[in-house]
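# Geometric and topological summary
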Amino acid sequence: MKLVVRELTDTRCSFIVDNVRPDVVNTLRRELIAHVPKMAIDEVEFHMGPIRDEEGNEYDSNSALFDEMIAHRLSMIPIPTDLEQFTFKDQCECEGSGCPHCTIIYVMNKKGPCTVYSGDLQPLGDMNLKIKQELIPIVKLKEKQALLIYATAILGKGRSHAKWQPVTICGYMNYPKLKVNNDAKADDLEAIVKSFPEGVLKLDKNKITVKDIKPLETKDPMYYDTPILDSVDGSGKKVIEIGYEDEKFVFNFETDGAVPAKNALIYALNHLSDKFEALRDDISGLDKA
Amino acid sequence: MKEVVEAFFSSRNIINHQMASFNDFLPTHDNPKSRMQRIIDSIRIGEVDNERGIIRLDVDKLDEDSIDIKLGRITVGTPIVKEANGATHELTPMEARLRDLTYSSPIFLEFTIIENGIDREPEKVKIGDLPIMIKSKRCNLHREMLSQDRNLTDDQYGRKLQDMREDPLDPGGYFIINGTERSLISLEDLSPNRVLVEWEEKYGTPMAVAKVFSQREGFRALTAVEHKKDGMLMVSVPAAPTQIPLVILMKALGMDADEDIAKAIVSDERMNNVVFANLEECAVTHNVNTIEDALNYLEKKFATGQAKEFREKKVESIIDKSLLPHLGDHRDQRIKKSIYLGRIARSVLELKLKQRDPDDKDHYANKRISLAGDLCEDLFRVAFTSLMKDLKYQLERTITRKRKLRVASSIRPDVLSQRIIHALATGNWVGGRDGVSQLLDRTCNMSTISHLRRITSPLTRSQPHFEARDLHPTQWGRLCPNETPEGQNCGLVKNLALIVDISEGYDDRKLESTLFDMGVRRIEKELTDEARVYLNGNLIGIHHDPEGLVDSVRKRRRQGFLAMPQEKSNEINVRYNTQVNSVIINSDDGRVRRPLFVLEKGQHKLTDRMKQSLVDGKITWEDLVQQGIIEWIDAEEEEDLWIAVDENGIESGMTHMEIDPMVILGTCSGLVCYPHHNSSPRITMGSGMAKQSLGLGSSNFRIRCDTRGHLLHYPQKPMLQTKTMDFVNFNKRPGGQNFVVAVMSYQGYNMEDALIFNKASIERGLGRSTFIRTYSVEERRYPGGQEDRIEIPDPEVMGARTEEAYTNLDEDGIISPEFDVNGKDVLIGRTSPPRFLEEHTDFLTPRRRRETSLTVRPRELGYVDSVMITESENGLRLVKVTVRSEKIPEIGDKFASRHGQKGVIGHIANPEDMPFNELGIPPDLVTNPHAIPSRMTVAHVLEMIGGKAGSMNGRFIDGTAFSGEKEEKLRAELHDLGFKHTGKETMYDPFTGKKLRVDVFKGVIYYQKLHHMVSGKMHVRSRGPVQILTRQPTEGRSRQGGLRFGEMERDCLIAHGVSMVIKDRLLDESDGTIEYVCGNPLCGNVAMLDKRGVLRCPVCGETGNIHPVQTSYAFKLLMDELKSMCVAMRLNLEDLR
């Protein structure tokens, strides 16, 4: 298995894997979606009753949205997660009582009139845990309205809820290949060449040759499969036949920014090999029995 | 032309017809001749001869005094509330809703007592309360009420409404009665006072019949003239027992000369023999020659064998009151009725002679709509009449006591108020109609608007009435062709098309004189070739040049006046019917009219410059009507016209052009994009389901306390817009979300219209909604000074729950907001005084109070949203608790697109189990391809393509009916975006990882969450409550009832021969009981266990020979009920063999 990274940013990754069966790439895809963990707000405690500010003004702990809606909106906020730093709450050494290794507590204290943004969540303790995407609107407060919230974030996996799913979209395609039938008759070879991205095909002395297939990695070439590729002599042949490699894939995924794309991929791969290891162990256990 | 449509809605509300009608009813400064005032002026109490608008007291007990009460001007104030302590203050609709009050205004009437011809000082007296339509001219929310500044911008007005805790986009047009919003459903009825002829089948032979629904002041009576097989013309008169010969009736009405009768009927020589035969029959067989003969004949027919005096009275009442009341109810109008009857008979004979076709009852020219104002008018007339009768009676009582006469102290305003409020609260209208007022549908904004534009037909839904249910060509542009319910009420309940106007009527007496000025002549002799001129169904004269008359009437209408230049009105519609050579002019109220461009020389008169001024707001819709560019056309006049659909379709000779083809659709079907690509029933279903969708119903949802309310969490504007949406504020109060949908099969979980949802999408908030239920409790007072108490019930109280049940309550016995509550949890603790008929053991201990706490409905849960404590109208404490619960889509919840494609969730798939494309984009929803071909919802497919193109390009697509963006354009756009123009994408199997062998059609489409959710329907019972009377399990989910094990189910078990299962279902699990039966063979009555614990027969006193018998309680009940009818059933016991 060969893996060549095409593009890598914090939120985006694209690579080419070669020499691999589709079920294996798919396993990686499923692993990325469902089993890469992330911190997300799981419990929100709302202050009830009047809220006073320093000047003694009284506010009502109320807003246009219902509490459960605000809680849901908060849960969707990506929390920067260092996968090395945090463990699952039930596996933590604190035995589920909550400690800096498994939970983050955020405080939000806003008084209207204003718009409450995700950046208004203040972590208790480590300021590195501040929300990076600060301008996600949560709710608008009017005069005399205020919001005092304690929100607890814990580590979880996409399998149990989408809020714990750092990899938002993830997919792949079989690597494309083009076959040129230069004996097939076509009306306008120029147009055929132009219908593909620049640099893919080359027209030379009424002969089309495939120059570089790389530009086709970004998009499935089936989208270029237009009627002009059909041969005009009615033979049913196509001037350009679009095909795919069976064991070579272009793999794409994006994250919401909570976990860098690279870390997510590394975590998924490690986790996968751990799983296979565990499976191997289990099977060898079967042999003995 | 959308500029014109927009101009229409910039000056008119979507429910303008209701509002205008009610405003016409209300007496305001700018409406001196209001319908209310007209009722006052025309009221007649007591005898027929009495002068209208004056009550004459019967003063025979006093000497020669004559006392009249003159009724003067009526005024209606602004809505106020009178508190229990007597204080009054201005009422806002929101306060009325929250405090269960009626949003009503006091009505004042000026009374002048005239004693012996001398007027006393007029007295202004409150005569009752009138519920006020929200946002009508007397409503506190009316623009002019909120500010003296007439030029309040929409924005400022909206702000003011918000200050009054209203949704600025609420359409108004409904009433608030005891805190509930009620809308008055418009009624469609056959037009009154018109002669309709038709063939009626009787015993296999067709018979020509003419019918008139004569109506005057709310009183309706059907008169029919039939041409019998034997040639006799017979009349059926309401309240008369039998049919009577027409000639005799005409004679009785004072037309004694046979020549006159013949003249009144005959218009063609061929009619002569029929009429002569009738005259002869009358003279020879019945021996009726003079008026007296005729009256005697009627007396014999109507009141046989009664005293002469009574007979005369009866005949008088029938011919003056029941016969053709629209012509008058006085003796003087008899001859008029006789002439009219002659004309009815002529129509029958014309039909018989095939000179005319039968009238089409379903033709919209023959239909009239009664709107809120008309309905209120009927109600107010009846209520006011009974109030005045009551006043008369009260005053007559006071006179005899020789006190000074005062109206204020004798009037009982409650007589009027209660009558009106009761009708509005129950929907039982005067005249025996029910369902007139309905609880306003607040499921979403669309359901509210559609409810206020609904029209019902009085035809019974149980009968087929195929013709009445069919879409009639004359409904084009007036009623929506698609928006009607399915099933029972199909075609009987209709909805208005987008732009219609219901005529308010114009005085026909003024019109009549104008017509005479225009060359109409009175009829001198009946036989003539000149065209007859009918005004509102009455033959007023003849005209030599009918086409010229019609033209000049039209011309004058387009200039904005008809009767007098100073009185502008375009309420008149005119038609020349060549078949019967008559000019038909209508100016009455209730006609549904639609606007059309006037074509002159193949050209409409709206210039591009005017169009621009319309857009800029320099000129308005009204200006276009005033200038004769647009005119309102009723169904009668439309028969004369030739209408082009658009500018390209204009041919020479065409008279009019449509405003915009899309306006033929109503509000709900107007939301469906590309409806012209769909099969018609699917649009009907789509518009029906739009009314069940959840969305942002109103912006004041946190304040309102509806008994049930829904709120969609993230409502979206549809990617595919229609023009209609701008006029119904759909984009500001949307009712759905744009879903990414893939059309493919998925492991069979989407068979039979089931839907597969992406779990991650749901968890991110897709299709989430909140259900709100309000519970309310009043601290009632009982006779004897006892009252309910809202408190934490003492353990001593009868039926008190355990202490834990009350732990959520505050000291005052009421729960606090944000408490998590479950089914049967106590929200408000309450105790009530003991019931009157309760058994009491002894007289020393005081009787215990009962526990009557309010609990959450079984199997519902949620958070307490708000708690409101207030005072109701009677000064009683009123507590309302709102509970909200979040409804996250689950298996079984119902969703639908706008094209009648509905389905329930069959599976919620994990995100990694959803098919994906090369970028990894999974669909939110997977629907089954089988849903498409047989239903032919092509627009559904088109919407997916358009939605995809729109969301990729970040723009909304116009999918308006007939004029939306073209399919080719959308496909080209998709192609330019790098997609296949078909909308198909390569997808991968989420389980094997292999590429799917076929491409999958994927797009973005608007889906609505419908309010049928499993959580509200799921129901199980193992043990549960039983009915007190029969001891059988209760029925229905709300009572935790069982499911009936019915006869057919029982038959099934019999066939299987499983007798013990039958016993189990029908006895053990139902109402099985053990009864003790007296074993005495001579007795056999049911025995009892007496106080000492001895089994004893109360009938024969037997104590030893008593046996337990297992039976159903229903059988025991039967025995008891038979006993009450003096049938004593005996049970003779025998040993089992």
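The numbering scheme is per chain: residues are counted from 1 as the chain's sequence reads. Numbering of ligands from 1 and lettering of chains from A proceed in the order in which they are written. Confidence filtering applies because this is a predicted model: local features only for residues at pLDDT of at least 70, side-chain atom pairs given and counted only at 80 or more, and all residues used for totals across whole chains, interfaces and linings. The side-chain numbers reported here are obtained from all heavy atoms of the structure, hydrogens and water having been left aside.

### Describing the overall build of chain A
Here is the rule we go by: By the criteria applied, helices consist of DSSP H or I runs no shorter than four residues and strands consist of E runs no shorter than two, each listed in order from the N terminus. In this setup the radius of gyration rests on C-alpha atoms only. A globule is expected at 2.2 Å times the number of residues raised to 0.38. For every residue, the accessible area obtained with a 1.4 Å probe (protein chains only) is divided by the maximum for its type, and the residue is called buried under 20%, exposed over 50%, and partly exposed between those limits. Residues are treated as being in contact if the distance between any of their heavy atoms lies within 4.5 Å. Each accessible area value is a Shrake-Rupley result obtained with a 1.4 Å probe; residue values ignore everything except the protein chains displayed when judging cover. For the purpose of charge, His is not counted, nor are the chain termini; Lys and Arg are scored as positive and Asp and Glu as negative. To locate a charge, take atom NZ for lysine, CZ for arginine, CG for aspartate or CD for glutamate.
Scanning chain A from terminus to terminus reveals four helices and 14 strands. Relative to a compact globule of 289 residues, whose C-alpha radius of gyration would be 19 Å, chain A shows 27 Å and is clearly more extended. Here the C-alpha coordinates of chain A stretch approximately 85 × 65 × 30 Å along the principal axes. A burial count over chain A gives 45% of its 289 residues as buried. Counting only contacts in chain A whose residues sit at least 6 apart along the sequence, the fraction spanning at least 24 positions is 72%. When the accessible surface of chain A is totalled, it reaches about 14800 Å², and 49% of it is carbon and sulfur. Charged side chains of chain A number 37 positive and 47 negative; the gap between the two group centres comes to 5 Å.

### A few points about the domain arrangement of chain A
The condition that has to hold: Per the annotation, domain bounds derive from an automatic or database assignment of domains.
What the domain assignment lists for chain A is domain 1 (2-34 + 168-254) and domain 2 (38-162). Its C-alpha centre places domain 1 of chain A at a distance of 45 Å from the equivalent point of domain 2 of chain A.

### A short note on the interface of chain A and chain B
Inclusion rule: The quantity reported as buried area is the accessible area (1.4 Å probe) lost by two parts once they are put together, taken as the sum for both. When a carboxyl oxygen of Asp or Glu is within 4 Å of a side-chain nitrogen of Lys or Arg, the pair counts as a salt bridge. In protein, a polar contact means a hydrogen-donor-capable atom and an acceptor-capable atom, both N or O and within 3.5 Å, with residues adjacent in sequence counting only if both atoms are side-chain atoms; elsewhere, any N or O pair within 3.5 Å suffices.
Between chain A and chain B, the contact holds 39 residues from the first and 47 residues from the second. Overall, the association of chain A and chain B removes approximately 3600 Å² of surface from exposure, summing both partners, and the carbon and sulfur fraction of that is 50%. Looking only at chain A, the three residues that lose the most surface to chain B are A:Phe66, A:Glu68 and A:Tyr223, adding up to 20% of its buried area. In this structure, the connection of chain A to chain B is made through three salt bridges. Measuring nitrogen to oxygen at the nearest pair gives 2.3 Å for the salt bridge that ties A:Glu68 to B:Arg884. Linking chain A to chain B there are 23 residue pairs in polar contact (both at pLDDT 80 or more).

### Notes on empty space enclosed by the protein
All names here are of chain B. Counted only if it meets this: Of the grid points, spaced at 1 Å and generated over the protein atoms alone, those admitting a 1.4 Å probe that cannot get out make up cavities, while open sets with protein on both sides within 12 Å along at least five of seven lines make up pockets; any residue with an atom within 4 Å of a point is treated as lining. Grid points are joined across faces, edges and corners, and a volume is the space filled by probe spheres set on the points. Lys, Arg, Asp and Glu make up the charged group, whereas Ala, Val, Leu, Ile, Met, Phe, Trp, Tyr, Cys and Pro make up the nonpolar group; the residues left over, Gly among them, are polar.
Taken as a whole and judged by the stated rule, the model has nine cavities of 30 Å³ or more. Around the largest cavity, the lining residues are Arg442, Gly697, Ser698, Phe701, Arg704, Cys705, Asp706, Gly709, His710, Leu711 and Ile772. The leading source of residues in the lining of the largest cavity is strand E30 (residues 708-712), at three residues. By residue class, the composition of the lining of the largest cavity is four nonpolar, four polar and three charged. Considered as a void within the structure, the second largest cavity measures approximately 90 Å³ in volume. Each residue belonging to the lining of the second largest cavity can be placed in one class, and the counts come to five nonpolar, five polar and two charged.

### So, the sheet that holds strand E3 (residues 37-46) of chain A
All names here are of chain A. What counts is decided by this rule: Two strands make a pair as long as DSSP finds a minimum of two bridges between them. All axes are obtained by fitting lines to C-alpha atoms, using only the stretch in contact for helices, and the reported angles, taken between N-to-C directions, cover 0 to 180 degrees.
Spatially, E3-E10-E6-E8 is the arrangement adopted by the four strands of the open sheet, whose pairing is antiparallel. This sheet does not close on itself; its edge strands, each paired only once, are E3 and strand E8 (122-123). Both strand E6 (residues 103-111) and strand E10 (residues 146-157) contribute to a ladder of nine bridges, which runs antiparallel. Directly across from lysine 111, in E10, lies its bridge partner alanine 146. With respect to the sheet, helix H2 (residues 67-75) is in contact with E3, E6 and E10, its orientation differing from that of E3 by roughly 155°.

### Considerations on the sheet that holds strand E39 (residues 850-851) of chain B
Residues and elements named next belong to chain B. Ordered in space as E35-E38-E39, the three strands form an open sheet in which the pairing is antiparallel. The two strands at the open ends of the sheet, each matched to only one other strand, are strand E35 (789-790) and E39. Of the pairings in the sheet, the one linking E35 to strand E38 (residues 830-832) comprises two bridges and is antiparallel in character. For isoleucine 790, the partnering residue across the bridge sits in E38 and is arginine 830.

### Observations regarding the pattern of salt bridges
Residues and elements named next belong to chain B. Inspection of every chain in the model, using the stated rule, returns 112 salt bridges over all chains. A salt bridge links arginine 442 to glutamate 181; its shortest N-O distance comes to 2.9 Å. Residue arginine 442 is located in the loop between strand E17 (437-439) and helix H16 (445-452), and its partner glutamate 181 is located in strand E9 (residues 180-184); the two are separated by 261 residues in the primary sequence. Note that arginine 955 and glutamate 965 form a salt bridge whose closest N and O atoms lie 2.8 Å from each other. Here glutamate 965 lies in the loop between strand E46 (957-958) and helix H27 (967-976) and arginine 955 lies in the loop between helix H26 (938-953) and E46, a separation of 10 residues in the sequence. Because the salt bridges share partners, they merge into one network encompassing Asp24, Arg35, Asp374, Glu377, Asp378, Arg381 and Asp589.

### A word on the nonpolar core
Residue and element names in this part refer to chain B. Note the cut-off: The set of buried Ala, Val, Leu, Ile, Met, Phe, Trp, Tyr and Cys residues whose side-chain atoms join them within 4.5 Å is what this entry labels a nonpolar core.
Counting 111 residues, the largest nonpolar core has Val4, Phe111, Ile127, Leu130, Phe380, Phe384 and Met388 as the members making the most contacts within it. Among the elements that take part in this core, helix H13 (residues 372-400) stands out by supplying 12 residues, more than any other. Grouped together as the second largest cluster of nonpolar side chains are 46 residues, Ala208, Leu246, Leu324 and Val348 included.

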